[in-house]
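# Understanding the architecture of this molecule
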Amino acid sequence: MVERILVVVAHSDDQMIGPGGTLRKYALEGKEVHTVIFSFGELSHPHFKKEVIQQVRVEESEKADRFIGGKGVTFLGLKEGKFQEEFKPKELEEILLKLKPKKIFTHAEDENHPDHVVVNKLLLELYDKLHVQKKLTSDIYSFDIWRIFQTKKRINPKMVVDISETFFDKLKAIEYFKSQRVALVMLKWSVYLKAFVAGFLHNTRFGEVFDKIR
Ligand SMILES: [Zn+2]
């Protein structure tokens, strides 16, 4: 059976900026990569405060997904800053039970963006419920978007993915998010530095590092 991977994020580009190299690598290995995005990013992207319409966000995410060989993006359409209030577990539960992903990727619980933290919490609450009910068993990995060095000592086991072969595809995938063009150069430098540091620390050219949280 084909191995399924699910990435669950807050904003329309988080899946590429975070684990994009790993997702591309898995897609090339023939795994099915699915994406769930909590918001449409309809107000402004909280990272860059640039106003764009929903449609642009959706198209950018879908184009980037096709480029990396993903199997599609589902938008939950929740308002930024209101995930906790607006979240209805049913839709995500259906996706989880339909896909039964082997691996799930999501934001770290101590990220510095409140929407990221809430996504982590809501996903884990739902997963733990389904796991106790013996409906779902997945490995869950978290990633940081902005932190280049890990500042806190975390006790979770690490998974290091060598993305030397897919790092430049990750950068290309990020270029599909043209509505953030102003910030793209800065963003790419930070993505580059992060992958380089992770690679340096783990003896590969470029790497992505995850905490195994379930
Ligand atoms: Zn985000």
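Just above, that's the structure.
Residues numbered from 1 in each chain as written. Predicted model: local features only at pLDDT ≥ 70, side-chain atom pairs only at ≥ 80, totals over all residues.

Here the focus is the sheet that holds strand 6 (residues 158-162). On the basis of which strands lie adjacent, the open sheet formed by 7 strands has the order 3-2-1-4-5-7-6 and mixed pairing. Each edge of the open sheet is held by one strand with a lone partner, namely strand 3 (73-78) and strand 6. Taking the axes of each pair of neighbouring strands and ignoring which way they run, one obtains an average angle of 25 degrees across the sheet. The sheet contacts of helix 3 (residues 54-68) involve strand 2 (32-39) and strand 3, and relative to strand 3 the element is tilted by about 155 degrees. Most of the contacts of helix 6 (residues 114-132) go to strand 4 (residues 103-107), to which it runs at about 145 degrees, and overall it touches strand 1 (4-9), strand 2, strand 4 and strand 5 (139-143). (Pairing = 2+ DSSP bridges. Helix = DSSP H or I, 4+ residues; strand = E, 2+ residues; numbered from the N terminus. Axes fitted to C-alpha atoms, helices over the stretch in contact; angles between N-to-C directions. Contact = placed C-beta atoms within 7 Å.)

Time to look at the pairing of strand 7 (residues 207-212). Successive residues of a regular strand alternate their side chains across the two faces of the sheet. Examined bridge by bridge, strand 5 and strand 7 share 2 bridges and lie antiparallel to one another. If you follow Ser-142 over to strand 7, its bridge partner there is Asp-211. In this structure, strand 6 lies alongside strand 7, joined through 5 bridges in antiparallel fashion. If you follow Met-159 over to strand 7, its bridge partner there is Phe-210.

This brings us to unusual backbone geometry. Glycine aside, residues mostly have negative phi, and peptide bonds are mostly found in the trans state. Unlike most non-glycine residues, Lys-134 shows phi in positive territory, near 60 degrees. Residue position: Lys-134 is located in the loop between helix 6 and strand 5. Even without being a glycine, Asn-203 presents a positive backbone phi close to 60 degrees. One can find Asn-203 in the loop between helix 8 (181-201) and strand 7.

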